[in-house]
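A structural walkthrough
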Amino acid sequence: MTGVMAGMFLAALDQTIVATALPSLVESLGGLHQITWVITAYMLSTTVSAALWGKISDLRGRRPTYVSAMAIFIGASVLCSMAQNMPQLIAARALQGIGGGGIQALAFAIMGDVLSPRHRGRYVGLMSGTFAMGSVAGPLAGGFFVDHASWRWIFLINVPLGLIAMVIARSALKGVGAPRPARLDVKGALVLSIAVLSLLLGAVLGGKNFAWLSPVIVGLFMSALAFGWLFMRIEHRVPEPILAPHLLKSRILMLSIGIAAISSVMFQSAGVYLPLFLQTVRGSSATRSGILVAPLMFGMAAASITVGRRVSKTGRYRVMLLAGTLGMLGVTFGLMSLNNHTSPVVVITMMVVLGLAFGVVSPIVNLSAQNAMPVEHLGAASSALVTLRALGATLGIAAVGAVVLSRLSAGLANLQGLNGLDGEHLVTGPKAIAALAEPLRGQVTSAMARAIASGFWVCLPLALTAIAIAWLLPEVPLRSTTAESVPSHE
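Residues numbered from 1 in each chain as written. Predicted model: local features only at pLDDT ≥ 70, side-chain atom pairs only at ≥ 80, totals over all residues. Heavy atoms only, no water.

1. Considering the overall build of the protein chain
So the rule is basically this: Secondary structure follows DSSP: runs of H or I at least 4 residues long count as helices, runs of E at least 2 residues long count as strands, and numbering of each begins at the N terminus. The contact rule is simple, with two residues in contact once any of their heavy atoms fall within 4.5 Å. Computed with the Shrake-Rupley method and a 1.4 Å probe, the accessible areas treat only the protein chains shown as cover for residues.
Secondary structure summary: the protein chain contains 18 helices and zero strands in total. A separation threshold of at least 6 residues defines the contact pool for the protein chain, and within that pool the share at least 24 residues apart is 84%. Within the structure as shown, the protein chain displays about 18300 Å² of accessible surface, and the carbon and sulfur contribution to it stands at 67%.

What follows is the structure, given as structure tokens:
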């Protein structure tokens, strides 16, 4: 578990260290229309690769597969630090996401190899707490590097930390998840990759780079449907499917994935747009915005550890899951009301509540999903959870970003005195906004605040859906051994 948590700390650090530094990073390399690609490229490759990592680890063994994922992650971090323009950074982030997908998918599969669901709760809490500690360190380190060094250090810091994590994993994971003779479904992997990429590219490019009804976007969605159908046909025929069709018939697994995806949309959207709000609207420095975002992670850490221990002790989790989803709904209303007069105290309060809610929901849905799966399919099931969660989260974040950009463009369209600069160039640089004279600066920050608040309207129906799913999710007793039969309630 030490080896696994070392990798989770690395993945968490990278995720949040980038989010806090985004305004200054994009100011250096490109415009606001590319800000979502820095996050989306990582999530695209994470989504596509996660299903493959889990299956490869089932066939080749957990340790070599996990170490390989970490090596890719570290190498890609070096490439990110060397980027000279936005396309180079986005390409390196995509490669980094391939390694990150392996770290995330395999962490829960390894945990399933060595711990029963009943005893897993405490360790899920510790793992979530480790993820939260990395997430806390990320904004603080990101802000420090941006203000006192260079944004390139937000990627270089991964190298020494990653090497340490790799050494721990190599020595600690001996004999875990031994390989078994079988063949990898190469054809299914290729078809799945095309289907997922087509769907996500259509969602990300639609309404921004191309009109929704343009031949490009319609073609991408049609490609996603066609290759998705072909993938399921292939998976029914091959002896070792990447995503076994019977897994998708598990009601518990699919409901767990639904809540995981929705909570990820809210957590990631807050992680991207709250630092942007604090730096561009409230005029906070990168370091200060990192400090202000930290309560989100502290709340997550406290809730994850507490919930993990409680679930291990009682085996009950449904009431806590409902409470977590209700907390997400409450925060959604707060985020929808952001404006240029919202005080940092209000922002901190919302982040604490969101962190607590996410810290409750995340370990529970992971436990629920794994408890519904037989041991021999833990790798594939964990990958399915990571893949479909990332797919849903990427689609949701793309929707939030599309609304923010659309409302911002409309809000700045009639302002006078922008000296030919469009909204994308203005808001990518907090210094550029600070240099504007009043009343223009107040008008720009007000438009920015309204745009960010409008983006969180996307989260309202999602939060309501999460509550409904939590109500429908059966509370199945957690197994007390790894070999015990799967519950029959799915």
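Next, the rest of the story.
2. A look at the packing of aromatic side chains
The following threshold applies: Two rings from Phe, Tyr or Trp (for Trp, the six-membered ring) form a pair when their centres are within 6.5 Å of each other. A pair whose planes differ by under 30 degrees is stacked, one over 60 is edge-to-face, and the rest are tilted. Remark: exposure states derive from per-residue accessible area (1.4 Å probe, protein chains only) relative to the maximum for the residue type, with buried under 20%, exposed over 50%, and partly exposed in between. We count a charge as sitting over a ring when the NZ of a lysine or the CZ of an arginine lies within 6 Å of the ring centre and within 35 degrees of the ring normal.
Per the counting criterion, the structure on display carries two aromatic pairs. Judged by centre distance (4.2 Å) and plane angle (15 degrees), the rings of Phe 267 and Phe 358 are stacked. One end of the pair, Phe 267, is in helix H10 (residues 251-280); the other, Phe 358, is in helix H13 (residues 344-371), and 91 residues separate them in sequence. Under the relative-accessibility criterion, Phe 267 is labelled buried at 4%. A relative accessible area of 8% means that Phe 358 is categorised as buried. In this structure, Arg 318 is placed above the aromatic ring of Trp 471, and the distance from its NZ or CZ to the ring centre is 4.9 Å.

3. Describing a nonpolar patch on the surface
Where we set the bar: Surface patches are defined over residues having more than 30% relative accessible area and no salt bridge, joining like charges when they lie within 9 Å and nonpolar side chains (Val, Leu, Ile, Met, Phe, Trp, Tyr) when within 5 Å. By salt bridge we mean one thing: a side-chain nitrogen of Lys or Arg within 4 Å of a carboxyl oxygen of Asp or Glu.
Nonpolar side chains collect at one region of the surface, where Trp 212, Leu 213, Val 218, Met 222 and Leu 225 lie side by side and expose about 590 Å² of accessible area between them. If you trace the backbone, Trp 212 turns up in the loop between helix H8 (186-205) and helix H9 (215-235).

4. Some remarks on the confidence of the model for the protein chain
Worth spelling out the cut-off: Looking at any residue, its pLDDT shows the predictor's confidence there, from 0 to 100.
Per-residue confidence for the protein chain gives a mean pLDDT of 78; residues scoring 70 or more make up 82%. Contacts of residues 420-428 to residues separated by more than four positions or lying in other chains number 21 contacts, the stretch itself having pLDDT below 50. Contacts from residues 484-490, a stretch scored under 50 in pLDDT, to residues over four places away or in other chains number 18 contacts.

5. Re the environment of His 246
Examined against the element boundaries, His 246 turns out to sit in the loop between H9 and H10. As for His 246 and His 236, which are separated by ten residues in sequence, their C-alpha atoms are 9.2 Å apart.

6. With respect to the environment of Ala 447
Considering the arrangement of structural elements, one finds Ala 447 in helix H17 (residues 440-455). Judged by its relative accessible area of 3%, Ala 447 is buried. For the pair formed by Ala 447 and Leu 408, sequence separation is 39 residues and the distance between their alpha carbons is 6.1 Å. Setting aside chain neighbours within four positions, we find Ala 447 in contact with Leu 408, Gly 411 and Leu 412.

7. Regarding the packing of helix H11 (residues 286-314) against H13
Going by this rule: Axis definition: a line fitted to C-alpha atoms, limited for helices to the stretch in contact. Angles are taken between N-to-C directions and run from 0 to 180 degrees. Handedness of a helix crossing follows the sense of rotation of the near helix relative to the far helix, less than a right angle counterclockwise being left-handed and clockwise being right-handed. Under the convention adopted here, Pro, Cys and the residues Ala, Val, Leu, Ile, Met, Phe, Trp and Tyr are nonpolar, Asp, Glu, Lys and Arg are charged, and Gly plus all remaining residues are polar.
The interhelical angle for the contact between H11 and H13, taken along N-to-C directions, is 35 degrees, at an axis separation of 7 Å. Note on packing geometry: the crossing formed by H11 with H13 is right-handed. For the contact of H11 with H13, the residue count by class is 19 nonpolar, four polar and one charged.

8. Quick look at H9
To be explicit about the condition: Expected helix span is given by 1.5 Å per residue-to-residue step, counting one fewer step than there are residues. By construction, the arc corresponds to the directions joining the helix axis to the C-beta atoms.
With 21 residues, H9 ought to run about 30 Å at 1.5 Å a step, and its terminal C-alpha atoms sit 30 Å apart, in line with that. Taken residue by residue, H9 has Ile 217, Leu 220, Ser 223, Ala 224, Phe 231, Ile 234 and Glu 235 as its buried positions. For H9, the angular spread of the buried residues around the axis is 115 degrees, confining them to a single face. Residues of H9 that are exposed and angled more than 90 degrees away from the buried face: Pro 215, Met 222, Leu 225 and Trp 229. Buried residues in H9 make contact with H8.

9. Observations concerning the packing of H10 against H17
Angle between the axes and distance between the axes are the two parameters that describe a pair of packed helices. Keep this limit in mind: Note on angle classes: values under 35 degrees are labelled roughly parallel, values over 145 roughly antiparallel, values of 65 to 115 roughly perpendicular, and the remainder oblique.
Running from N to C, H10 and H17 cross one another at 165 degrees; their axes reach a closest spacing of 10 Å. The orientation of H10 relative to H17 falls into the category roughly antiparallel. Crossing geometry of H10 relative to H17 is assigned as left-handed. Along the contact surface, H10 presents Tyr 273, Leu 276, Phe 277 and Thr 280, while H17 presents Thr 445, Met 448, Ala 449 and Ile 452. Of the residues in the contact of H10 with H17, the class split is six nonpolar, two polar and no charged.

10. A few points about the side chain of Glu 235
With respect to the helices and strands, the residue Glu 235 is situated in helix H9. A relative accessible area of 2% means that Glu 235 is categorised as buried. Residues contacting Glu 235, with those up to four places away along its chain left out, are Asp 185, Gly 188, Pro 241, Ile 242, Leu 243 and Pro 245.

11. Focus: the environment of Phe 73
With respect to the element layout, Phe 73 can be found in helix H3 (residues 62-81). Of the residues examined, Phe 73 reaches a relative accessible area of 0% and is grouped as buried. Distance from Phe 73 to Leu 95, taken between C-alpha atoms, is 7.5 Å for residues 22 residues apart in sequence. With near-sequence residues (within four places) excluded, Phe 73 lies in contact with Leu 10, Asp 14, Tyr 42, Gln 96, Gly 99, Gly 100, Ile 103 and Asn 158.

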